[in-house]
Each structure stands twice: as structure tokens, then as C-alpha cells.
Amino acid sequence: MINIIVIIVSTFIVLDILSGLIKALKNNEFKSSIMRQGLYSKAGSFLILFLAYLGKYACTYINLGFELPLVEAVSVYICIMEIGSILENAVAINPELDSNALLKIFKRKG
């Protein structure tokens, strides 16, 4: 199960990187410094996921009296964060999506 979670989270991260790259190229806004910042952010996400796995592994040796779903919680957070970013990039790539009823669910209010 752990390998599947890593693959799913990694796929969302890769899709976000690709959608951001497509957006930058389409809008003639590609800058290596911005790309580096984005990659550092993704590395931070992987670091937090690794930390969650380490915590889950440590709980097998350190009896806390309960089990923490760290990996699952961190994975859900990262995936939701990446979905939001991918949707923003998709709208920037294709502005017609901005009026899509389904995407309006994800828009911020206020």
C-alpha cells in the first residue's frame, strides 16, 4: 500500500510540474528561477511525505498506545494542494475553462 501512495502522490506532483511548464511556455513566461522555486517546493512535499513514513515506521517500535494515519493525512493534503494548482494552470492554459461549472466548485470565494 505504501508504494501505491507514493506513486499516486508523485503522479499528482509530476502533473503539476508539467502543467506549470506548459502554462509558462504558452504564456512566454518561462524563467529558470521560477522553475527552481517550484522544484524546491515539490522537494519539500516529498520531504514531508518521507517524514510521515518515518513517523509511521517509528510507531512500529515506539508504542504510543494508538496509531496515527500520518502518511494518509499528508498524502491527502499534498494531493488536494496539487489538484488546486493543476486546475489553476489548466485555466491559465485554456481560459475557456474559467467558466466551466465543474471548475467553479474549486474557485475561492471572497
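The structure contained in this document is the topic of the report that follows. (Residues numbered from 1 in each chain as written. Predicted model: local features only at pLDDT ≥ 70, side-chain atom pairs only at ≥ 80, totals over all residues. Heavy atoms only, no water.)

1. Re the packing of helix α2 (residues 32–59) against helix α3 (residues 70–93)
Working step 1: At a minimum axis separation of 8 Å, α2 and α3 run at an interaxial angle of 165°. Judged on the interaxial angle alone, α3 and α2 are roughly antiparallel. Between α2 and α3 lies a crossing of left-handed hand. For the pair α2 and α3, the contacting residues are Lys42, Ser45, Ile48, Leu49, Ala52, Tyr53, Gly55 and Lys56 in the first and Leu70, Val71, Glu72, Val74, Ser75, Ile78, Met81 and Glu82 in the second.
Working step 2: Residues of the contact of α2 with α3, tallied by class, amount to nine nonpolar, three polar and four charged. (Axes fitted to C-alpha atoms, helices over the stretch in contact; angles between N-to-C directions. Helix = DSSP H or I, 4+ residues; strand = E, 2+ residues; numbered from the N terminus. Parallel < 35°, antiparallel > 145°, perpendicular 65-115°, else oblique. Left-handed = near helix turned anticlockwise from the far one by under 90°. Contact = heavy atoms within 4.5 Å. Nonpolar A, V, L, I, M, F, W, Y, C, P; charged D, E, K, R; others polar.)

2. Brief notes about α2
Side chains that are three or four residues apart share a direction in an α-helix, a result of its 3.6 residues per turn.
Working step 1: With 28 residues, α2 extends 40 Å between its outermost C-alpha atoms, agreeing within 8% with the 40 Å of an ideal straight helix rising 1.5 Å per residue.
Working step 2: Lys42, Ser45, Leu49, Ala52 and Tyr53 are the residues of α2 that are buried. (Expected span 1.5 Å × (residues − 1). Buried < 20%, exposed > 50% of the residue type's maximum accessible area, 1.4 Å probe, protein only.)

3. Let's talk about the pattern of salt bridges
Once their charged atoms are close, side chains differing in charge can pair, the charge on each being opposite to the other.
Working step 1: Following the criterion strictly, the structure yields three salt bridges and no others.
Working step 2: Linking Asp16 and Lys42 is a salt bridge whose minimum nitrogen-to-oxygen distance equals 2.4 Å. Here Asp16 is found in helix α1 (residues 2–26), whereas its partner Lys42 is found in helix α2, with 26 residues between them in sequence. With respect to burial, Asp16 and Lys42 carry one shared label: buried.
Working step 3: Notably, a salt bridge pairs Glu82 with Lys42, separated by 2.9 Å at the nearest N-O pair. Of this pair, Glu82 sits in helix α3 while Lys42 sits in helix α2, and the two are 40 residues apart along the sequence. For the residue pair Glu82 and Lys42, the accessibility class agrees, reading buried in each case. (Salt bridge = Lys/Arg side-chain N within 4 Å of Asp/Glu carboxyl O.)

4. As for the environment of Val6
Working step 1: Assignment of secondary structure puts Val6 in helix α1.
Working step 2: Overall, the relative accessible area of 30% leaves Val6 in the partly exposed class.
Working step 3: For the pair formed by Val6 and Ser75, sequence separation is 69 residues and the distance between their alpha carbons is 8.3 Å.

5. So, unusual backbone geometry
Working step 1: Residues other than glycine seldom take positive phi values, yet Asn28 does so here, at roughly 55°.
Working step 2: Structurally, the position occupied by Asn28 is in the loop between α1 and α2.

6. Quick word on the nonpolar core
Side chains that are nonpolar tend, in soluble globular proteins, to be buried together.
Working step 1: Listed in full, the ten residues of the largest apolar core are Ile5, Val9, Ile13, Leu49, Ala52, Tyr53, Val71, Val74, Ile78 and Cys79.
Working step 2: At the level of elements, α1, α2 and α3 are the ones that each hand at least two residues to this core.
Working step 3: Ranked by the residues each element gives to this core, the list is headed by α3, at four residues.
Working step 4: Those residues within four positions of Ile5 in sequence are excluded, and the remaining contacts are Tyr53, Val71 and Ser75. (Core = buried A, V, L, I, M, F, W, Y, C linked by side-chain atoms within 4.5 Å.)

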